[in-house]
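# Close look at the chain arrangement
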Amino acid sequence: MSSRSQAIAIVAGAAVAAAGMLGGATALAHREPAVARAAHSLEVRDESHMHLVRESGSLLLEEGPATGTLPGSVKVRFNVGATVSAYFTIYARGGGSITGHGKGALHSTGTYATFGGTLTVTGGSGRYAHAHGSGGLYGAINRRTYALTVQTTGKLFY
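What this report covers is the structure whose coordinates are included nearby. (Residues numbered from 1 in each chain as written. Predicted model: local features only at pLDDT ≥ 70, side-chain atom pairs only at ≥ 80, totals over all residues. Heavy atoms only, no water.)

It is worth spelling out the overall build of the protein chain at this point. Each helix and strand in the protein chain was counted, giving one helix and eight strands. Walking the protein chain from its N terminus toward its C terminus, one meets helices and strands in the order α-β-β-β-β-β-β-β-β. Taken over 158 residues, the protein chain has a buried fraction of 28%. A separation threshold of at least 6 residues defines the contact pool for the protein chain, and within that pool the share at least 24 residues apart is 40%. (Helix = DSSP H or I, 4+ residues; strand = E, 2+ residues; numbered from the N terminus. Buried < 20%, exposed > 50% of the residue type's maximum accessible area, 1.4 Å probe, protein only. Contact = heavy atoms within 4.5 Å.)

Here it is, written out as structure tokens:
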């Protein structure tokens, strides 16, 4: 083989190899993205004794300290009707926050009404930026002072 033929063969081989690499890169570019998995999971049991910040009809804005697995503070937008619904943010003592919502059945016994239902964690910030999970939501509300006690249990992934 002449040196010119060898040079053409080398260039052609390099072109075929480059096309193969590009084809591989194109195949990689068209793959489905990997599914993210939670790095941590935690069995949660927390309690909060909150006080009324503001009310507007059946909507109560409450806040207070949280104790248990995720100590810190919590703010809740609590809607009291035949059922209760809550939107919450937990500000963890170690940094970051956890957000979610819950709902449950209300059982009135005079001054105190109790409730029980479910909650869903939908996100967060800081170390809890990808938080998700679910669990139980239980508590009692004083209908005179609107003091709210809430217990939560469940599984948190973050």
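Read on for the rest.
Attention now goes to the sheet that holds strand E3 (residues 72-80). Here we have eight strands rolled up into a closed barrel, ordered E1-E2-E3-E4-E5-E6-E7-E8, and antiparallel in their pairing. Within the sheet, the average angular offset between the axes of one strand and its neighbour, ignoring direction, is 25°. Sheet topology places strand E2 (residues 59-68) next to E3; eight bridges connect them, and they run antiparallel. Looking at E3, one finds that Glu 63 is bridged to Lys 75. (Pairing = 2+ DSSP bridges. Axes fitted to C-alpha atoms, helices over the stretch in contact; angles between N-to-C directions.)

It is worth spelling out the pattern of salt bridges at this point. All told, the structure shown has one salt bridge when counted by the stated rule. Two residues, Glu 43 and Lys 155, come together in a salt bridge whose shortest N-O distance is 3.4 Å. Remark: Lys 155 occurs in strand E8 (residues 148-157) and Glu 43 occurs in strand E1 (residues 41-56); sequence separation between them is 112 residues. (Salt bridge = Lys/Arg side-chain N within 4 Å of Asp/Glu carboxyl O.)

Below, the discussion takes up the nonpolar core. If you look at soluble globular proteins, the nonpolar side chains tend to sit buried side by side. Within the largest apolar cluster, 27 residues are counted, with the highest numbers of intra-cluster contacts made by Phe 78, Phe 115, Tyr 128 and Leu 156. Sorting the residues of this core by element identifies E1, E3, strand E4 (83-92), strand E5 (97-109), strand E6 (112-125), strand E7 (132-142) and E8 as the ones contributing at least two each. It is E4 that contributes the most residues to this core, five residues altogether. In this view, Leu 156 contacts His 40, Ser 41, Leu 42, Val 44, Leu 70, Ile 98, Val 121, Tyr 128, Ala 131 and His 132; residues no more than four positions away in its chain are not counted. (Core = buried A, V, L, I, M, F, W, Y, C linked by side-chain atoms within 4.5 Å.)

Hairpin geometry of E2 and E3 is characterised by an intervening segment of three residues between the two adjacent antiparallel strands. Relative to E4, E3 runs antiparallel, the two sharing nine bridges. When the sheet's bridge partners are listed, Gly 72 is paired in E4 with Ala 92. Hairpin connection from E3 to E4: two residues lie between these consecutive antiparallel strands.

On to the environment of Gly 135, then. Mapped onto the elements, Gly 135 comes out in strand E7. In this structure, the C-alpha to C-alpha distance between Gly 135 and Leu 119, residues 16 residues apart in sequence, is 5.3 Å. For Gly 135, the residues in contact, after removing those within four places along its chain, are Gly 117, Thr 118, Leu 119, Thr 153 and Gly 154.

To continue, consider the side chain of Glu 62. Within the element layout of this structure, Glu 62 appears in strand E2. Despite its burial, Glu 62 pairs with no opposite charge, the nearest such side chain being Arg 54 at 11 Å. (Lys, Arg positive; Asp, Glu negative; His and termini not counted.)

Looking at the element boundaries, Ser 97 is found in strand E5. A relative accessible area of 9% means that Ser 97 is categorised as buried. One polar contact links Ser 97 to Ser 125, side chain to side chain, over a distance of 2.8 Å. Once residues within four sequence positions are removed from consideration, Ser 97 is found in contact with Thr 89, Ile 90, Tyr 91, Gly 123, Gly 124, Ser 125 and Tyr 128. (Polar contact = N/O pair within 3.5 Å; in protein donor to acceptor, adjacent residues only side chain to side chain.)

For Tyr 146, which is not glycine, the phi dihedral falls at a positive 65°. By the secondary structure assignment, Tyr 146 is in the loop between E7 and E8.

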